Amino acid sequence: MPETNPYLDAMRLERGVPPCVIVIFGANGDLTKRKLIPALYRLAMERRLPPECVIYGNSRTPITDEDYRGKMKAATRQFLEQSDFDEEVWADFERRLYYLPGDLSDPEFYATLGARLKESETTTGGNVLFYLSTQPSHYVPVVQGLGAAGLARGKGWRRVVVEKPFGHNLESAGSLNRELQKVFPEREIYRIDHYLGKETVQNVLAFRFANGIFEPLWNRRYINHVQITAAESIGVEGRGEYYQQSGALRDMIQNHLLQVMATIAMEPSAVFEPSSVRDERAKLLRSIRVPKSGEIDVDTVAGQYGPGRVGTSDLAGFRHEPGVHPEARTDTYAAATFFVDNWRWAGVPFYIRTGKRLAKRITDIAIHFNSAPLAIFGDGAGQVAGPNLLVIRIQPEEGISLRFLSKNPGAGMRLRPVSMDFQYGSSFGVRTPTAYETLLEDAMAGDATLYTRQDMVEASWQVVQPIADHWDEAKYNFPNYDAGSWGPQASDAMLARRGHVWRVP
Amino acid sequence: MSAIVTPERILKDLQQLWADLGKADEYGVLRACSMTVVVAADEEEDAAGLEETLARVMQRHPSRAIVLRVRDGGDVYFESGVKAVCWPIGNRKQICIEEIEIRCSDASLPDAPRMVLALTVPDLPVVLVCRSPRWLMVPSFAPMTALAGRVIVDSRRAENTLAILRQIARSGSVHDLAWTSITPWRKHAAAAFDDAENLRCLSTLNTVTIAHGGDKPGPAALYLAAWLAAPTAAQVRFRGGAGCDLQSVMLEGPGFQLEFTLQPPSGLCVVRNGLAKKEAFVLSSDWELLDEELAMPGRDRVFAEVLPKAIALAEG
């Protein structure tokens, strides 16, 4: 008997997603409305969601299937990205969408869920994907409830997708991991970091490892420093209560941005397989130097926005946002300088900044190369104006641009930086799938390449925890930047110490 | 259409076209190009159909399209024209691609490759699409196939199947839309063998039967039969009849029977040992086939392995 299906043809035949039941806990939440249901609908539209798949949404509010479908239809219409809404596709999709009200602490609820899963077994083979889209405090009770009711094991596979935050510190991350692993084996735990599902972040791997010309330059000899920016122009948008407990460092750097940094800096894996790629990412995260207490004041910057004015709009300061304590000490801005202690990156600073209410919404990675060793055209020519710069734009307008110097037309030798641009939108006429489409499909197909692993979560907490502890104890003079600006001045000073400046993206 | 036809003249016309477009649109246009697609077609072929196929494919693979339309005739004849095809991308911006049409006579065909070569976009892949496989048999067309990194033909409507398949095999880097057209069949068959029980029965498979339209199996039926039989020791049988090119596939072995039957317009009935299940089945349109083929990175190893087996089946 052949061990593998000889008819598989990865080049042309799309990977098959097996039929399954998807159970979403937190079915009335923002994430479900904005991301999960629209993503599942898009997968159905593209026939990437098997017709046998059934979706159960759970929340406490007692509403009917019909009401729930109506709510999700409105949400999908509103939040669907780069796509038209198709009534016919929705009509087919909503027939598979059910609402299962219930209290997550009530064993009776899990018994009811178990009975529903049993009903679907003939068409789905018993495969179930549990999606924890609830408040983090519910993660452990839900997983324990599933375990106690015997739902973590069954005829088919049983997987659990966990949203960030994976703990609020190193200790709680370890504790969460232990609780999850008591019920689900590590290989069936999918910790989602939606940044890794973004097409451009995946393209970093293609860019680095499928092109021969960049990788030889990708090291301390040619790269001067790296800047990673994830700026949001919006404030906390009604999430003030949650956000004041986490802050920019925990909410963005500990997970998304360290993962992005790992993707930029990791070694090539021998093969493109989930465990190999994740091993390399984990190895890089473990190589990030853990900052010592004396370094934290000079290599990190915490910030919080105060009121500001953008155009004709007056913007409230963080402490005036709904649900936020008037003396909240939360960091709405975080910047840090990291170093990777390995032969490739020794001495190269990786500057990371993220914040809310910054000048514009942009996420990008800027690789600053060293200047030419000798300015043969002289200072007056403009050669000092710009070393080569490679910018990988993650959002919006995903793409890559390379800045280099060119001669100004006309007499004399005056140089000016010019840019070569690649834009995803215009080079590939196809729609880019959203991160959640990619990641949900991967989870159903059992591909964990773009998901984070326990050791990766703990390695990034190792780096961030000392900073978080230091910031918790320090007394900052918040607010220290105006809404609509590029962040606190201390952040510019952090780069200036090494002779660098933040680029204006 | 230009009176004087030289590559320089055509490129100048293109330059003028972009300059005019830029002036006409206050938001500017974004010119996109990821390859050169050269399409060879007979002049009498459905021009509107070809235009539509190209317009749809170009949105997914922004390219410089060079359409070469050839008419019968012993006179020396060349004509050319350029145009842009644009579509909106939001924020009042639009993306445009360029299309060059060259009309020539059979007698002028030997001069066409040189002209096309000068019009390809430097450093980007060149794909040659032959609407009919007859182009592969025309000696004066050989330089054209040599300049393309990838040649796509459509043998589905070819009359002499065996000769065409042999020619495709000889030409090396040729890809066939008849092979592309069986992707939905292959997808369903492959999915069936994801099932461990079906996979266990594969080694005992002894017959593959393909029901097709017409007296003799066409290229698509031959490809599908060759692909299905390849990992097994099964005999291949063809059953001709009225109707479309591919109608059903039956895989049989001791105690095992798996049948896929087309149920127009968009269904496929899958029966395994008497248990039936209906699955959605969508046949690709012409532009979707071309789109799939253009999206293929490099050589299709599976096709390269199947082609000689399909030829052997055609030889009987």
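Refer to the structure printed above.
The following paragraphs examine the structure supplied in this document. (Residues numbered from 1 in each chain as written. Chains lettered and ligands numbered in written order. Predicted model: local features only at pLDDT ≥ 70, side-chain atom pairs only at ≥ 80, totals over all residues. Heavy atoms only, no water.)

**Digging into the overall build of chain A**
Here comes step 1: The number of helices and strands found in chain A is 15 helices and 18 strands.
Here comes step 2: Relative to the globule expectation of 23 Å for 505 residues, the C-alpha radius of gyration of chain A, 24 Å, shows essentially globular dimensions.
Here comes step 3: Along the three orthogonal principal directions, the C-alpha set of chain A runs to about 80 × 60 × 45 Å.
Here comes step 4: The buried share of chain A, taken over its 505 residues, is 54%.
Here comes step 5: Contacts in chain A between residues far apart in sequence, at least 24 positions, make up 78% of those at least 6 positions apart.
Here comes step 6: If the 58 positive side-chain charges of chain A are averaged to one point and the 61 negative ones to another, these points end up 4 Å apart. (Helix = DSSP H or I, 4+ residues; strand = E, 2+ residues; numbered from the N terminus. Rg over C-alpha atoms; globule rule 2.2 N^0.38 Å. Buried < 20%, exposed > 50% of the residue type's maximum accessible area, 1.4 Å probe, protein only. Contact = heavy atoms within 4.5 Å. Lys, Arg positive; Asp, Glu negative; His and termini not counted. Charge placed at Lys NZ, Arg CZ, Asp CG, Glu CD.)

**Brief notes about the state of the cysteines**
Residue and element names in this part refer to chain B.
Here comes step 1: Counted according to the given criterion, the structure contains one disulfide over all chains.
Here comes step 2: At a sulfur-sulfur separation of 2.1 Å, the disulfide partner of Cys86 is Cys96. Note on the Cys86 and Cys96 pair: the S-S dihedral is about 110°, so by sign convention the disulfide is right-handed. Placement of Cys86 in strand β4 (residues 78–90) and of Cys96 in strand β5 (residues 93–105) is noted, with a sequence separation of ten residues between them.
Here comes step 3: Here Cys201 stays unpaired: no disulfide links it, and the sulfur of Cys269, its closest cysteine neighbor, is 19 Å away.
Here comes step 4: Residue classification places Cys269 among the buried residues on the basis of a relative accessible area of 16%. (Disulfide = S-S within 2.5 Å.)

**Some thoughts on the interface of chain A and chain B**
Here comes step 1: Across the boundary between the two partners, chain A contributes 22 residues, which contact 36 residues of chain B.
Here comes step 2: Here chain A and chain B share an interface that buries about 2300 Å² over both sides, 61% of which is from carbon and sulfur atoms.
Here comes step 3: Counting across the interface, chain A meets chain B through five residue pairs in polar contact (both at pLDDT 80 or more).
Here comes step 4: Per element, the largest residue contribution to the side of chain A that touches chain B is three residues, and it comes from helix α12 (residues 424–427) of chain A.
Here comes step 5: Of the residues assigned to the side of chain A that touches chain B, the class counts are nine nonpolar, seven polar and six charged. (Buried area = accessible area lost by both parts, 1.4 Å probe. Polar contact = N/O pair within 3.5 Å; in protein donor to acceptor, adjacent residues only side chain to side chain. Nonpolar A, V, L, I, M, F, W, Y, C, P; charged D, E, K, R; others polar.)

**Some points on the sheet that holds strand β3 (residues 97–99) of chain A**
All names here are of chain A.
Here comes step 1: Judged by pairing direction, the sheet is parallel, and its six strands sit side by side in the order β3-β2-β1-β4-β5-β6 without closing on themselves. Two strands bound the open sheet, and with one partner strand each, they are β3 and β6 (189–191). For this sheet, the mean angle separating the axes of adjacent strands, direction not counted, is 20°.
Here comes step 2: Its contacts with the sheet place helix α5 (residues 139–148) against β1 (21–25), β4 (128–132) and β5 (158–162), and it is angled at close to 155° to β4. (Pairing = 2+ DSSP bridges. Axes fitted to C-alpha atoms, helices over the stretch in contact; angles between N-to-C directions.)

**Some remarks on the packing of aromatic side chains**
Here comes step 1: Summed over all chains, the structure comprises 28 aromatic pairs over all chains.
Here comes step 2: Note on A:Tyr7 and B:Trp227: the rings are 4.7 Å apart at their centroids and 55° apart in plane angle, and the pair reads as tilted. With one member in each of two chains, A:Tyr7 in the segment before β1 and B:Trp227 in helix α9 (residues 219–229) form a pair that bridges those chains.
Here comes step 3: In this structure A:Tyr7 comes out as buried when scored by relative accessible area, which is 1%.
Here comes step 4: Each ring, one from A:Phe85 and one from A:Trp90, has its centre 6.0 Å from the other, and the planes form 35°; the classification is tilted. A:Trp90 shares its class with A:Phe85; the two are buried.
Here comes step 5: A cation over an aromatic ring shows up here: A:Arg159 above the ring of A:Trp157, its NZ or CZ 3.8 Å from the ring centre. (Phe/Tyr/Trp six-rings, centres within 6.5 Å; stacked < 30°, edge-to-face > 60°. Lys NZ or Arg CZ within 6 Å of the ring centre and 35° of its normal.)

**With respect to the environment of A:Gly378**
Residues and elements named next belong to chain A.
Here comes step 1: Turning to its location among the elements, Gly378 is positioned in the loop between β14 (362–369) and β15 (389–395).
Here comes step 2: Residue class for Gly378 comes out partly exposed when judged on its relative accessible area of 24%.
Here comes step 3: The sequence separation of Gly378 and Val290 amounts to 88 residues, and the corresponding C-alpha distance is 41 Å.

**Things to note about the sheet that holds strand β17 (residues 415–423) of chain A**
Residue and element names in this part refer to chain A.
Here comes step 1: Across the sheet, eight strands lie side by side as β8-β12-β13-β7-β14-β15-β16-β17; this open sheet has mixed pairing. Of all strands in the sheet, those with a lone pairing partner are β8 (300–303) and β17, marking the two edges. Sheet twist, expressed as the average angle between the axes of neighbouring strands with direction ignored, equals 15°.
Here comes step 2: With six bridges connecting them, strand β7 (residues 223–231) and strand β13 (residues 350–355) associate as parallel partners.

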